[in-house]
Amino acid sequence: MKILGIDTTSNILSVAVSEDDIILGENTIENSTNHSPKLVPMIDELLNRLNIDISQIDMFACSIGPGSFTGIRIGLGLAKSMAQANDKLIVGIPTLLSLAKNVDMDNIDGYVCPMIDARNSNIYTCILDNKYNIVLDYAGLSIDELIEKCNTLDKPIYFLGNGAIIYKEKIQDSIPSEKILNVVDSQLNAKNICVLGYDKFKNGQTDSIYSLSPTYLRPSSAERLCKNE
């Protein structure tokens, strides 16, 4: 099964193609400020380089958030359009799960806590065990709320993502050192989206283009402004 993976949820624009869970190729632009005009040319270049026609893609996998509201909509909208136009499968992958996949949890006896900066001392986060089962569900929390929850856990935690780096000092000052496995930055990438998409397919969990929707975890700034009026 050939899978096209897309991640547009941050300032890293990434697309990848896999055969089952084997990555065939990837295109990534770091610090991208406008994904919309770049995404289709990136996909075209990657497919041409791999000598694969879009009709040969069996499934489209896309990161569905949380992250940049505009970025999520760009990636998911294109993935849905391509899946519908080519009558192919589609799967949505939580961004935090994709970020956590950067950690080889098979060799760690503890938890993984992916953290994406949501600004104003808030983060998008979750906590997973070493089998990637959910311990703390996907949520938008303040850093203080997350630290309070982490201090109740019975095993050490591997923190990663841009949120982990922003709040690294606070994490290290507020959580006992024996409860911290590591605090590292880690990039979102479409390779993980492909691999997780294939895992989801194997478990019979493909999505519908009609019901698959973004995961924002909090209202947009426009929604918050309207609510306060």
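In the block above lies the structure referred to throughout.
Residues numbered from 1 in each chain as written. Predicted model: local features only at pLDDT ≥ 70, side-chain atom pairs only at ≥ 80, totals over all residues. Heavy atoms only, no water.

Novice: Any chance you could explain the nonpolar core here in plain terms?
Specialist: A general tendency of soluble globular proteins is for nonpolar side chains to be buried together. Within the largest apolar cluster, 28 residues are counted, with the highest numbers of intra-cluster contacts made by Ile 3, Val 103, Val 112, Tyr 124, Leu 128 and Leu 160. Leaving out residues up to four positions away in the same chain, Ile 3 has contacts with Ala 16, Val 17, Ser 18, Asp 20, Ile 57, Met 59, Ala 61, Cys 194 and Tyr 198. In this structure, Val 15, Leu 46, Leu 76 and Ala 79 belong to the second largest nonpolar core, which totals 23 residues. (Core = buried A, V, L, I, M, F, W, Y, C linked by side-chain atoms within 4.5 Å. Buried < 20%, exposed > 50% of the residue type's maximum accessible area, 1.4 Å probe, protein only. Contact = heavy atoms within 4.5 Å.)

Novice: Looking at this structure, I do not really get the packing of helix α1 (residues 36-49) against helix α2 (residues 69-86). What am I missing?
Specialist: When two helices pack together, their arrangement is given by the angle between their axes and by how far apart the axes lie. Where α1 meets α2, the axes come as close as 10 Å, and the angle between the chain directions of the two elements is 40 degrees. One finds that α1 runs oblique with respect to α2. Between α1 and α2 lies a crossing whose hand is right-handed. Contact with α1, carried on its side by Ser 36, Leu 39, Val 40 and Ile 43, involves Ile 74, Gly 75, Leu 78 and Met 82 of α2 and no other residues of that element. Residue classes in the contact of α1 with α2 are distributed as six nonpolar, two polar and no charged. (Axes fitted to C-alpha atoms, helices over the stretch in contact; angles between N-to-C directions. Helix = DSSP H or I, 4+ residues; strand = E, 2+ residues; numbered from the N terminus. Parallel < 35°, antiparallel > 145°, perpendicular 65-115°, else oblique. Left-handed = near helix turned anticlockwise from the far one by under 90°. Nonpolar A, V, L, I, M, F, W, Y, C, P; charged D, E, K, R; others polar.)

Novice: Would you mind showing me how to read the pairing of strand β7 (residues 122-128) here?
Specialist: Each regular strand carries side chains that alternate between the two faces of the sheet. Counting buried positions along β7 gives six out of seven residues, so the element sits mostly inside the fold. With five bridges connecting them, strand β6 (residues 111-119) and β7 associate as antiparallel partners. The residue bridging Ile 116 from the neighbouring strand is Tyr 124, located in β7. From the end of β6 to the start of β7, which pair antiparallel, there are two residues, and Asn 120 there has a positive phi angle of about 55 degrees. Pairing of β7 with strand β8 (residues 134-142), which is carried by six bridges, proceeds in the antiparallel orientation. (Pairing = 2+ DSSP bridges.)

Novice: Please explain the pattern of salt bridges as it appears in this structure.
Specialist: Pairing between side chains of opposite charge can happen when the charged atoms of each approach one another. Counting across every chain of the model gives seven salt bridges. Here Glu 45 and Arg 49 are joined by a salt bridge, their closest N and O atoms 2.6 Å apart. Highlighted residues: Glu 45 and Arg 49, both in helix α1, separated by four residues, approximately one helical turn. For Glu 45, a relative accessible area of 37% translates into the label partly exposed. (Salt bridge = Lys/Arg side-chain N within 4 Å of Asp/Glu carboxyl O.)

Novice: Where do I start with unusual backbone geometry in this structure?
Specialist: Among all residues except glycine, the phi angle is most often negative; among peptide bonds, the trans geometry is most common. Cis geometry is found at the peptide bond from Gly 65 to Pro 66, where omega equals 10 degrees. Topologically, Pro 66 is positioned in the loop between β4 (59-63) and α2. The backbone of Arg 119 shows a phi angle near 70 degrees, a positive value even though the residue is not glycine. Mapped onto the secondary structure, Arg 119 falls in strand β6.

Novice: It is not clear to me how the sheet that holds strand β1 (residues 2-7) should be interpreted in this structure. Could you clarify?
Specialist: Pairing in this open sheet of five strands is mixed, and the strands run β3-β2-β1-β4-β5 from one edge to the other. Of all strands in the sheet, those bounded by a partner on one side alone are β3 (22-29) and β5 (89-93). Neighbour to neighbour, the strand axes of the sheet diverge by 15 degrees on average, direction disregarded. Bridge count between β1 and β4: four bridges; the pairing is parallel. When the sheet's bridge partners are listed, Ile 6 is paired in β4 with Cys 62. Together, β1, β2 (13-19), β3, β4 and β5 form the strand contacts of helix α7 (residues 190-202), whose direction differs from that of β1 by roughly 130 degrees.

Novice: Looking at this structure, I do not really get the packing of aromatic side chains. What am I missing?
Specialist: Any two aromatic rings considered together are summarised by their centre-to-centre distance and by the angle between their planes. Counted under the stated rule, the structure contains two aromatic pairs. Ring centres of Phe 69 and Tyr 216 lie 4.5 Å apart, and the angle between their planes is 5 degrees; on these two criteria the pair is classed as stacked. Within this pair, whereas Phe 69 is found in helix α2, its partner Tyr 216 is found in the loop between α7 and α8 (221-228), the two being separated by 147 residues in sequence. Judged by its relative accessible area of 22%, Tyr 216 is partly exposed. Judged by centre distance (6.4 Å) and plane angle (25 degrees), the ring pair of Tyr 198 and Phe 201 falls under stacked. Of this pair, Tyr 198 and Phe 201 both sit in helix α7, three residues apart, which is roughly one turn of the helix. Overall, the relative accessible area of 14% leaves Tyr 198 in the buried class. (Phe/Tyr/Trp six-rings, centres within 6.5 Å; stacked < 30°, edge-to-face > 60°.)

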